[in-house]
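# What the coordinates show
Chain by chain, the residues run as shown.
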Amino acid sequence: MLVVDDDFMVAKLHCRYVSATEGFRVVGVAHSGADALRAAERLRPDLVLLDIYMPDMDGLSVLRELRAAEERDEGRASVDALFITAARDAGLIRQALRAGALHYLIKPFTQAALQEQLRHVASLRSRFDRLGQARQEDVDQIFGTRPPGSRELPKGLAAHTAELVERILREHPGEDLSASECAEAGSLSRVSARRYLEYFADTGRVEVTLRYGGTGRPERRYRLVG
């Protein structure tokens, strides 16, 4: 990953956040747009943390230059970008999306907020690696949640209960929950909560991990993706 910020101390802080996130490593740091383009050419990072405001050129221009370089060189791997900036103007946020940014974090933000976005990037990459032909559910997860009521649920599952279970998961960002914990939070039966959680797992909306205890079968834990 390449970290780009004109403030040396802020860049150092972001590097520390990244280094504390499993699966991510900082390969370079740049403090201007020109330095960022040179570093990207030399290091070929797969992800850039990119500030908007810099002394020579703004981060949007940097990303556009990176995209142009990818078009000129068909063998060059595409770089993902996360904007990390104090810029709050809605027009800039829209331009960042149009330029191909994966997300946009407004300063100041916490270490947990950045790490959550990095885990989301890792999840997206993993999903693309697994996909051959995408289902609509896969596309919806990549591009964002569909409007309420637009998902087709399997027979026996109710939309309002699915929304309740999803809301419970969203209220615990970065945490995993068991079926029992989800059931208690939503006043549901454990069997019912698990049916919805397993449906979310089958459609790629939650990640499942196993927690091993002293005896018996491992406990299945669920965490919302993205």
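Residues numbered from 1 in each chain as written. Predicted model: local features only at pLDDT ≥ 70, side-chain atom pairs only at ≥ 80, totals over all residues. Heavy atoms only, no water.

## Some remarks on the overall build of the chain
Each helix and strand in the chain was counted, giving nine helices and eight strands. With the principal axes as the frame, the chain shows a C-alpha extent of 60 × 35 × 35 Å. When the 226 residues of the chain are sorted by exposure, 40% land in the buried category. Partitioning the contacts of the chain with sequence separation of at least 6, the portion at a separation of at least 24 is 57%. For the chain, the computed accessible surface area is about 12,900 Å², with 50% contributed by carbon and sulfur atoms. (Helix = DSSP H or I, 4+ residues; strand = E, 2+ residues; numbered from the N terminus. Buried < 20%, exposed > 50% of the residue type's maximum accessible area, 1.4 Å probe, protein only. Contact = heavy atoms within 4.5 Å. Areas by Shrake-Rupley, 256 points an atom, 1.4 Å probe, with all protein chains shown as cover.)

## Structural notes on the sheet that holds strand β5 (residues 103–106)
Strands belonging to one sheet form pairs held by backbone hydrogen bonds; the direction of such a pair is parallel or antiparallel. On the basis of which strands lie adjacent, the open sheet formed by five strands has the order β2-β1-β3-β4-β5 and parallel pairing. Only two strands of the sheet have a single partner each, and these edge strands are β2 (28–30) and β5. Direction aside, neighbouring strands of the sheet carry axes that sit 15° apart on average. Across the face of the sheet, helix α2 (residues 33–43) comes into contact with β1 (2–4) and β2 while running at roughly 175° to β1. (Pairing = 2+ DSSP bridges. Axes fitted to C-alpha atoms, helices over the stretch in contact; angles between N-to-C directions.)

## Focus on the side chain of E70
In this structure, E70 sits in helix α3 (residues 59–72). Given a relative accessible area of 14%, E70 falls into the buried group. With sequence-adjacent residues up to four places away left out, E70 is seen in contact with R76, A77, S78 and V79.

## Some words on the pairing of strand β8 (residues 219–224)
Bridge analysis of strand β6 (residues 177–178) against β8 gives two bridges, and the strand direction is antiparallel. Within β8, the residue paired with S178 across the bridge is R221. Where strand β7 (residues 206–211) lies against β8, six bridges are found, and the strand directions are antiparallel. Across the sheet, the residue bridging to T209 is R221, located in β8.

Without other data, these values stay purely geometric and don't point to any function.
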